[in-house]
Amino acid sequence: EAGVAQSPRYKIIEKRQSVAFWCNPISGHATLYWYQQILGQGPKLLIQFQNNGVVDDSQLPKDRFSAERLKGVDSTLKIQPAKLEDSAVYLCASSFTGLTEAFFGQGTRLTVV
Amino acid sequence: TQLLEQSPQFLSIQEGENLTVYCNSSSVFSSLQWYRQEPGEGPVLLVTVVTGGEVKKLKRLTFQFGDARKDSSLHITAAQPGDTGLYLCALHISSGSARQLTFGSGTQLTVLP
């Protein structure tokens, strides 16, 4: 069974530029999560989708971050404009339901200079 | 304030030693998960504990859920370099109609050969 796919693996951008990350969850998984992980810390939930609807985006900085999950499958997370403090690993995860095991992708390491 | 507090934050030990890491909360929770994250990878589920006082074993790893369901511990016997990684506890918390998967701050374990 294929795992959660994310791209790109690495991205370096200048502050004030925009960037987008892509996630393809495990087939059949209804729940999709985007997390931000600062070096040395635990993942922080940014947004959670159930199929193609947002069920929680309370910690998403909506002035600069946006996410969508069209057709309830793939998802994209965008940052515009990026700030230095956005440097982190962005992890995508999926689960069959919101209560079962979450499977994570390898993440995208973003560096903002 | 972190919902889940993990300690210690960092731990460096020699191969063959034993260790225990802790996850604590001021709230009672119905179940708790432990994940391990290796460098450059996403977290991977190790175990879910559900019942107060429950003990689960996974080879050299022993997981315990506190009787009051407010704390949990992970004990590793005879640690090996392959055990190196970030150990995260996580729980599902209610957020509106959804259940958020929330992580603690993690314990970074380094096992030296």
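Residues numbered from 1 in each chain as written. Chains lettered and ligands numbered in written order. Predicted model: local features only at pLDDT ≥ 70, side-chain atom pairs only at ≥ 80, totals over all residues. Heavy atoms only, no water.

Asks: Talk me through the state of the cysteines; I want residue IDs and the actual numbers.
Replies: Put plainly, a disulfide is one covalent bond tying together the sulfur atoms of two cysteines. Counted under the stated rule, the structure contains two disulfides over all chains. Residue pairing for Cys 23 of chain A: its cysteine sulfur links by disulfide to Cys 92 of chain A, the two sulfurs lying 1.9 Å apart. Disulfide Cys 23 of chain A to Cys 92 of chain A: torsion about the S-S bond roughly -70°, handedness left-handed. Of the two residues, Cys 23 of chain A is situated in strand 3 (residues 19–24) and Cys 92 of chain A in strand 9 (residues 88–95); the sequence distance between them amounts to 69 residues. Put simply, Cys 23 of chain B and Cys 89 of chain B are joined by a disulfide, and their sulfur atoms are 2.1 Å apart. Of note, the bridge from Cys 23 of chain B to Cys 89 of chain B carries an S-S torsion of about 75° and is right-handed in sense. With Cys 23 of chain B in strand 3 (residues 19–24) and Cys 89 of chain B in strand 9 (residues 85–95), this residue pair connects regions lying 66 residues apart in the sequence. For the pair shown, Cys 23 of chain B and Cys 89 of chain B are each scored as buried. (Disulfide = S-S within 2.5 Å. Helix = DSSP H or I, 4+ residues; strand = E, 2+ residues; numbered from the N terminus. Buried < 20%, exposed > 50% of the residue type's maximum accessible area, 1.4 Å probe, protein only.)

Asks: Which residues make up the sheet that holds strand 6 (residues 55–58) of chain B, and what are the values?
Replies: All names here are of chain B. Read from one edge of the open sheet, five strands run 1-3-8-7-6, paired in antiparallel fashion. Only two strands of the sheet have a single neighbouring strand rather than two, namely strand 1 (5–7) and strand 6. Averaged over all adjacent pairs, the angle separating strand axes in this sheet is 15°, with direction ignored. Pairing of strand 7 (residues 61–65) with strand 8 (residues 71–76), which is carried by five bridges, proceeds in the antiparallel orientation. Counterpart to Phe 63 in the pairing with strand 8 is Leu 74. (Pairing = 2+ DSSP bridges. Axes fitted to C-alpha atoms, helices over the stretch in contact; angles between N-to-C directions.)

Asks: So what's going on with the pairing of strand 8 of chain B? Which residues, and what values?
Replies: Residues and elements named next belong to chain B. Where strand 3 lies against strand 8, six bridges are found, and the strand directions are antiparallel. In the sheet register, Thr 20 faces strand 8, and the bridge partner there is His 75. Hairpin connection from strand 7 to strand 8: five residues lie between these consecutive antiparallel strands, with Arg 69 at a positive phi of about 55°.

Asks: Please give an account of the layout of surface pockets that cites residues and values.
Replies: Which parts of space are left empty comes out when a probe the size of a water molecule is rolled across the atoms. In this structure, the largest pocket encloses a volume near 410 Å³. Every residue lining the largest pocket is counted, 22 residues in all, and those nearest its centre are Gln 37, Leu 39, Val 89 and Arg 109 of chain A together with Gly 40 of chain B. Residue assignment for the lining of the largest pocket shows that the elements contributing at least two residues are strand 9 and strand 11 (108–112) of chain A. Residue contributions to the lining of the largest pocket peak at four residues, all from strand 11 of chain A. By residue class, the composition of the lining of the largest pocket is eight nonpolar, ten polar and four charged. (1 Å grid on protein atoms, 1.4 Å probe; cavity = no way out; pocket = protein on both sides within 12 Å on 5 of 7 lines; lining within 4 Å. Points joined across faces, edges and corners; volume = space filled by probe spheres on them. Nonpolar A, V, L, I, M, F, W, Y, C, P; charged D, E, K, R; others polar.)

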